Amino acid sequence: MKLNVIDSHTGGEPTRVVLAGQLPLLGRTMAERRDDFRNRFDNFRSGIVNEPRGSEVIVGALLTAPVEPGSYAGVIFFNNAGYLGMCGHGTIGVVETLRHLGHIGSGDLKLDTPVGQISITVAENGEVTLTNIRSYRHLADVSVEVDGITYHGDVAYGGNWFYVVHSPEFEIALSQTRHFTDLTLKIRDELHRQGITGADGAEIDHVELTGPSAIADSKNFVLCPGGAYDRSPCGTGTSAKMAALHAAGKLAEATPYRQESVTGSVFTGTVTPTENGVIPTITGRAHVTAESTLIFDGEDPIRWGLTI
């Protein structure tokens, strides 16, 4: 079995796009197709993103035919831990892949995801602005204690569930990623231990630390579900954070908000208020890094990837 893929990175965070038509998914909605992927082809998910072909950092994006009127394509995002409802950096990577293939140019398009239809504008220079789904702050000023220090943050949704730490602030630097990874894993474990969740008991699987930035409004470190950290500013994390800031009266409608990542890349966002939340936009740029054919050799004992 072979799969054709295209790799890109968005602000340092990799996306591996599996081109459409290679895995015959069933379902009338993207949520149904995601579930079919999970039920029948989860070994491919693992083989695509895990070692030896991938790594814990890679986010996969499987393209499908669209399900909604006016959409260009459907996309299912996944990583080493499972499946994502939405992925901001991954959406930008998908758009750059389609542009690289000559399938789209500048202008507007829509993509279907398991959590809804995403509107996108592509600039002449390749910069992508995506309009995310409704994002909102679910819980304000939630406190957890780890190693004798109390952390205060908001539980917010931006397409995935986040605990956004707002106190204390941190000096975010690449040299501290091991420490920050250990800390955010402990924070996430403590949230689970206390039974703190998103709406309807949804698991909080992302943790975001923030600090000052010399080039943006803030700088962040984001723990992703599989234990890796986001090299980009995190599109869904920036959406969740802007929603929390707006709910706190700290971010006005249409005011640009610049979010720097731990690697120094930047997304620019805005919010438009809506019922019970905001509609965020995220602007960033991706670059294609490789065109590849993945080979799943039936005689390879670890063809489905290394999992923990």
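Before reading on, note that the structure itself is shown above.
Basis of the calculations
- Residues numbered from 1 in each chain as written.
- Predicted model: local features only at pLDDT ≥ 70, side-chain atom pairs only at ≥ 80, totals over all residues.
- Heavy atoms only, no water.
- Phe/Tyr/Trp six-rings, centres within 6.5 Å; stacked < 30°, edge-to-face > 60°.
- Helix = DSSP H or I, 4+ residues; strand = E, 2+ residues; numbered from the N terminus.
- Buried < 20%, exposed > 50% of the residue type's maximum accessible area, 1.4 Å probe, protein only.
- Lys NZ or Arg CZ within 6 Å of the ring centre and 35° of its normal.
- Pairing = 2+ DSSP bridges.
- Right-handed = clockwise from strand over helix to strand, strands pointing away.
- Salt bridge = Lys/Arg side-chain N within 4 Å of Asp/Glu carboxyl O.
- Lys, Arg positive; Asp, Glu negative; His and termini not counted.
- Polar contact = N/O pair within 3.5 Å; in protein donor to acceptor, adjacent residues only side chain to side chain.
- Contact = heavy atoms within 4.5 Å.
- Expected span 1.5 Å × (residues − 1).
- Core = buried A, V, L, I, M, F, W, Y, C linked by side-chain atoms within 4.5 Å.

Asker: How should the packing of aromatic side chains be read in this particular structure?
Answerer: Ring pairs (aromatic) are described by centroid distance and by the angle formed between their planes. Evaluation of the coordinates by the stated rule reveals 14 aromatic pairs. With a centroid separation of 5.3 Å and an interplanar angle of 85°, the aromatic rings of Phe37 and Phe78 are classed as edge-to-face. Taken together, the residues span a long stretch of sequence, with Phe37 in helix α1 (residues 30–49) and Phe78 in strand β4 (residues 73–78) at a distance of 41 residues. Both residues of the pair, Phe37 and Phe78, belong to the buried class. One aromatic cluster is present, formed by Tyr151, Phe170, Phe180, Phe221 and Tyr229 through successive ring pairs. Positioned above the aromatic ring of Tyr229 is the side chain of Arg231, whose terminal nitrogen or guanidinium carbon lies 3.8 Å from the ring centre.

Asker: So what exactly am I meant to see when it comes to the pairing of strand β12 (residues 206–211) here?
Answerer: Taken residue by residue, a regular strand's side chains alternate between the two faces of the sheet. Counted residue by residue, β12 has 6 buried out of 6 residues, so it is predominantly covered. The side-chain alternation of β12 yields two buried faces, one formed by His206, Glu208 and Thr210 and the other by Val207, Leu209 and Gly211. Here strand β11 (residues 161–167) pairs with β12 via 3 bridges, running parallel. Considered in β12, the bridge of Val164 is made with Glu208. Note on the crossover from β11 through helix α3 (residues 177–194) to β12: the handedness is right-handed. Here 5 bridges tie β12 to strand β13 (residues 218–223), and the two strands are oriented antiparallel to one another.

Asker: Looking at this model, I keep getting lost on the pattern of salt bridges. Mind explaining?
Answerer: For side chains of opposite charge, pairing can occur when their charged atoms come near one another. On inspection of all chains with the given rule, the structure shows 10 salt bridges. The partner of Asp7 in a salt bridge is Arg16, and the shortest N-O contact between them spans 2.9 Å. Judged by its relative accessible area of 7%, Arg16 is buried. The salt bridge partner of Asp36 is Arg40, with a shortest N-O separation of 2.8 Å. Of this pair, Asp36 and Arg40 are both found in helix α1, 4 residues apart, which corresponds to roughly one turn of the helix. Take Arg40: its relative accessible area is 41%, and that puts it in the partly exposed class.

Asker: In this structure, what is going on with the side chain of Asp154? I would like to understand it.
Answerer: The topology assignment puts Asp154 in strand β10 (residues 149–157). Notably, Asp154 is buried but unbridged: the nearest opposite-charge side chain belongs to Arg137, and the N-O separation is 4.4 Å. For Asp154, the side chain forms a polar contact with the main-chain nitrogen of Asp141, separated by 2.8 Å. Once you skip the residues sitting within four places of it in the chain, Asp154 turns out to touch Arg137, Leu139, Ala140, Asp141, Phe162, Tyr163, Val164, His166 and Ala244.

Asker: Sorry if this is basic, but what is going on with helix α4 (residues 235–247) here?
Answerer: Along an α-helix, a turn takes 3.6 residues, which lines up residues three or four apart on a common side. Helix length check: α4 (13 residues) gives 18 Å between terminal C-alpha atoms against 18 Å at 1.5 Å per residue, within 8%. In terms of burial, α4 is a largely internal element, 11 of the 13 residues being buried. Burial in α4 covers these residues: Gly235, Thr236, Gly237, Thr238, Ser239, Ala240, Lys241, Met242, Ala243, Ala244 and Leu245. Positive phi appears at Gly249, one or two residues downstream of α4, with a value of about 75°.

Asker: Explain the pairing of strand β14 (residues 257–260) to me, please; I cannot follow it from the model alone.
Answerer: Here 2 bridges tie β13 to β14, and the two strands are oriented parallel to one another. When the bridges of β14 are listed, Ser218 appears paired with Gln259. Regarding topology, α4 serves as the crossover connection from β13 to the parallel β14, and that connection is right-handed. Sheet topology note: the β14/strand β15 (residues 266–274) ladder contains 4 bridges and is antiparallel.

Asker: In this structure, what is going on with the environment of Trp161? I would like to understand it.
Answerer: In this fold, Trp161 is placed in strand β11. A relative accessible area of 9% places Trp161 in the buried class. Put simply, Trp161 and Val122 are 39 residues apart on the chain and 27 Å apart in space, counted from C-alpha to C-alpha. In this structure, Trp161 is in contact with Tyr136, His138, Val155, Ala156, Gly198, Ala199, Ala202, Glu203, Ile204, Asp205 and His206, ignoring residues within four places of it in sequence.

Asker: When you look at the nonpolar core in this model, what are you seeing that I'm missing?
Answerer: Burial of nonpolar side chains together is a common tendency in soluble globular proteins. Counting residues in hydrophobic clusters, the biggest one holds 58 residues, and the most contacted among them are Phe77, Val94, Ile120, Tyr151, Tyr163, Ile187 and Leu209. Among residues more than four places away in sequence, those in contact with Tyr151 are Val142, Ser143, Val144, Val146, Tyr163, Val165, Ser167, Pro168, Phe170, Leu183 and Ile187. Phe37, Phe44, Leu62 and Phe78 belong to the second largest nonpolar core, which has 18 residues in total.

Asker: Help me out: how do you make sense of the side chain of Ser261 in this one?
Answerer: Turning to its location among the elements, Ser261 is positioned in the loop between β14 and β15. On the basis of relative accessibility, which here comes to 0%, the residue Ser261 falls in the buried class. Engagement of the side chain of Ser261 in a polar contact is seen with the side chain of Thr263, the distance being 2.8 Å. Setting aside anything within four residues of it in sequence, one finds Ser261 in contact with Gly11, Lys219, Asn220, Arg231, Ser232 and Pro233.

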